[in-house]
Amino acid sequence: MKQEKSLLDLFQETNKGISRRLFLETCGASLVAAALPINLTKVFAAEAVASAGHLTLTWSLDPKTTQTIAWATEENSEKGSLQVIKTSIYKKSGWEKAVIIEADHELFKTNTESVMLHYATAVSLKPGTIYTYRVKIDDNWSEPLQFSTQPDKVDSFKFLVFGDSQSGLPKNPEYGPWQKTINNAYAAHPDAAFFMNVGDLVEVGQDYAHWKNWYAAAKDVIDKIPSMSVPGNHETYDVPEENHSVLPLYFKKQLHLPMNGPDALKGQVYSFDYGNTHFAVLDSQLEEEHSYVDHMLELQANWLDQDLTNSKQEWKIVLFHKTPYYNKATRSNEQVKAVLTPVLDKHHVDLVINGHDHGYSRTYPIYQDTFVDTPANGTVYLVAGRSGNKYYTDLSPKVWDAFFHDPQAEPNYITITVNQKVLTINAYTQSGELIDVYSIDKQKQIDIPRTSLPEPSNNTLLVIWGNLLQTPLVVVPPQKISGVWHIPLRSFIEFIGGQIDGDSEGNIIASYQKTTALLKLNATQANLNREVFTLTYPLTLLKGTAMISVDDVKTMFNFQSRYDKATNMLFVVK
């Protein structure tokens, strides 16, 4: 007995607060246990260690003085608790002086099983302090872990950004690539204060099998630094085979984020401050959620306007999933762009971060849809790439991109460092290769590398879905005829994926998706889907090429157009 007591005393005196499990692991569990007296072995065995599923840090309140922690257990589990103590005190006296916070809990019936969700927020914490925490599950406590509160004065901080982490396979929740990306990123940047995922965390938002694997892949990071996530379109998917969407219920139930957004979108739209930077997160899923939330984009634009008006932070960063300035071949988000970018321009948001396209791209600074030569006069739009399994094969640099990288070969991640008046973006491949470095220096009113805008062409350039059409795709450039822009019909139809044919008498048939037009050179009379249709301007032959007015392109095929004088480009987009 004396030998047993002295061993424990020596252990506790030299390792204040360390767990019995860690002691066994350090010494070599099997050898130590075999050598211990029988009653000491029972002492160690008596303290069972609970395993907390989906243990996640977020901020629902102030990062300086609070920390929100959520976890999941089996459906018949008792109400959980959170225990928190300054790590400096914990090292001296263990859990003796820890604060215990009773958790809120809720039975969550998913499509595969029922689980008990627990969450608690520690408040009145000291800024700039390391805390040790654990959670109680029934009669047992989890292993101790640590988090840090934001300092009162932040000279510099870094956070991680991840593009879509989804599996890409609705019936196969494959999150191995996501696991490797997030773990590699955190191992390379353990000084990151938090991370943000810009949407499409999972493939099927209302399928718990995907969430379980997403959490399992991220478990060694999400319990150490807060996860501040953005909802994507896949978070709304319920039955993807039927293209059915709902509000992102599973996202909201599991991720406890600030509840300061519009009433109809609380838990999906929010903002918070860290250091001298203001972050605003929006929900761009108009197509998927418009039937549930009336005027959801306008609602957010009004909220964002007020939110940014109230912010006095040096830097303003806005994140939402769908891309105003995209890198997919033929996928635009014009309604999102039309409603949100005027607010971004009004408040001179420094950086907008998007996902959705699975490519990495960084635009020129943009103001009122026009490229400007310095971020002092515009906003930089960053598409984050992909951190998970899914990639696209139809990505390309667009005319607005200052930098583009196609991450088909491997996923990628981003670090953003804010050092007072300098913000630096670093993009890396999953394996750690540096892809892109870009800095904005507000003190010097410059960016590095310096923005170099393309010189305007002598001939007007045709840009469709952000893609620049050049010879031989365009034989005749856009022309103003009778004061109205006209574009080459064949070039337009073939590029957008339609079909066009004609005869020697000037009869032309052009089809795209559900629209078929029968046209004739020099005539305004046409046939559109077997009905008589009158063109605004006659189809004109120029240098052997049939030219159609952008007004008629809009009416017949629903493509908008805009001329940009600074670049001498005619933009056409659906």
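Residues numbered from 1 in each chain as written. Predicted model: local features only at pLDDT ≥ 70, side-chain atom pairs only at ≥ 80, totals over all residues. Heavy atoms only, no water.

Visitor: Help me understand the overall build of the protein in this model?
Guide: Scanning the protein for helices and strands turns up 13 helices and 40 strands. The C-alpha extent of the protein, read off along each of the three principal axes, is 110 × 55 × 45 Å. Each of the 574 residues in the protein was classed as buried or not, and the buried ones make up 55%. Taking all contacts inside the protein whose residues are at least 6 apart in sequence as the whole, residues at least 24 apart take part in 66%. A total of about 25,100 Å² of accessible surface is found on the protein, and carbon and sulfur atoms cover 50% of it. For the protein, the distance from the average site of its 51 positive side-chain charges to the average site of its 65 negative ones is 5 Å. (Helix = DSSP H or I, 4+ residues; strand = E, 2+ residues; numbered from the N terminus. Buried < 20%, exposed > 50% of the residue type's maximum accessible area, 1.4 Å probe, protein only. Contact = heavy atoms within 4.5 Å. Areas by Shrake-Rupley, 256 points an atom, 1.4 Å probe, with all protein chains shown as cover. Lys, Arg positive; Asp, Glu negative; His and termini not counted. Charge placed at Lys NZ, Arg CZ, Asp CG, Glu CD.)

Visitor: Just checking my understanding: could you explain helix α10 (residues 296–310) for this structure?
Guide: Between its terminal C-alpha atoms α10 stretches 21 Å, which fits the 21 Å expected from 15 residues at 1.5 Å a residue. Among all positions in α10, only M296, L297, Q300, A301, W303, L304, D307 and L308 are buried. The inward-facing, buried residues of α10 abut β15 (270–274), β16 (277–281), α9 (286–289), β17 (315–319) and α11 (334–346). (Expected span 1.5 Å × (residues − 1).)

Visitor: Whenever I open this one, the environment of D552 confuses me. Can you help?
Guide: The residue D552 is located in helix α13 (residues 550–557) in this model. In this structure D552 comes out as buried when scored by relative accessible area, which is 0%. Taking the C-alpha atoms as reference points, D552 and L539, 13 residues apart in sequence, are found 9.6 Å from one another. Apart from the residues within four sequence positions on either side, D552 is in contact with L535, T536, Y537 and F557. From its side chain, D552 meets the backbone nitrogen of Y537 in a polar contact 3.3 Å long. (Polar contact = N/O pair within 3.5 Å; in protein donor to acceptor, adjacent residues only side chain to side chain.)

Visitor: Help me out: how do you make sense of empty space enclosed by the protein in this one?
Guide: A probe matching the size of a water molecule, rolled over the atoms, marks out where space remains unfilled. In the structure shown here, the tally under the stated rule is one cavity of 30 Å³ or more. Within this model, the largest cavity holds a volume of roughly 60 Å³. Lining the largest cavity we find H54, T56, A70, W71, A72, L117, H118, Y215, K253, Q254 and H256. Every element with two or more residues in the lining of the largest cavity is listed here: β2 (53–58), β3 (67–74), β7 (114–122) and α8 (249–254). For the lining of the largest cavity, the leading source of residues is β3, giving three residues. Here the residues of the lining of the largest cavity sort into five nonpolar, five polar and one charged. (1 Å grid on protein atoms, 1.4 Å probe; cavity = no way out; pocket = protein on both sides within 12 Å on 5 of 7 lines; lining within 4 Å. Points joined across faces, edges and corners; volume = space filled by probe spheres on them. Nonpolar A, V, L, I, M, F, W, Y, C, P; charged D, E, K, R; others polar.)

Visitor: Where do I start with the sheet that holds strand β40 (residues 569–573) in this structure?
Guide: Two orientations exist for strands paired in a sheet by backbone hydrogen bonds: parallel and antiparallel. Read from one edge to the other, the open sheet built from four strands follows the order β29-β28-β40-β39, with strand pairing classed as mixed. The sheet is open, and its two borders are formed by β29 (467–469) and β39 (560–564), each paired with just one other strand. Neighbour-to-neighbour, the strand axes of the sheet open up by a mean angle of 25 degrees, direction not taken into account. (Pairing = 2+ DSSP bridges. Axes fitted to C-alpha atoms, helices over the stretch in contact; angles between N-to-C directions.)

Visitor: Which parts of the structure should I look at to understand the packing of aromatic side chains?
Guide: Two aromatic rings are characterised by how far apart their centres lie and by the angle between their planes. Applying the stated criterion to the full structure yields 35 aromatic pairs. Look at W465 and F559: their rings are 5.2 Å apart centre to centre, the planes differ by 70 degrees, and that puts the pair in the edge-to-face class. Placement of W465 in the loop between β28 (461–464) and β29 and of F559 in the loop between α13 and β39 is noted, with a sequence separation of 94 residues between them. The ring of Y392 has K328 lying over it, and the distance from NZ or CZ to the ring centre is 3.7 Å. K442 extends its terminal NZ or CZ atom over the ring of W315, reaching a point 4.4 Å from the ring centre. (Phe/Tyr/Trp six-rings, centres within 6.5 Å; stacked < 30°, edge-to-face > 60°. Lys NZ or Arg CZ within 6 Å of the ring centre and 35° of its normal.)

Visitor: In this structure, what is going on with a negative patch on the surface? I would like to understand it.
Guide: A cluster of acidic residues, E74, E75, E78, D138 and D139, forms a negative patch on the protein surface. A residue is classified by how much of its surface remains accessible, and E75, at 45% relative accessible area, is partly exposed. (Patch = residues over 30% accessible without salt bridge, like charges linked within 9 Å, V, L, I, M, F, W, Y side chains within 5 Å. Salt bridge = Lys/Arg side-chain N within 4 Å of Asp/Glu carboxyl O.)

Visitor: Help me out: how do you make sense of the packing of helix α6 (residues 176–188) against helix α7 (residues 208–222) in this one?
Guide: The relative placement of two packed helices is expressed as an angle between their axes plus a distance between the axes. Where α6 contacts α7, the two axes come as close as 9 Å, and the packing angle between them is 10 degrees. The pairing of α6 with α7 is recorded here as roughly parallel in orientation. On the side of α6, the interface is formed by W178, Q179, I182, N183 and Y186, while α7 contributes W214, A216, A217, A218, D220 and V221. Split by residue class, the contact of α6 with α7 holds eight nonpolar, two polar and one charged. (Parallel < 35°, antiparallel > 145°, perpendicular 65-115°, else oblique.)

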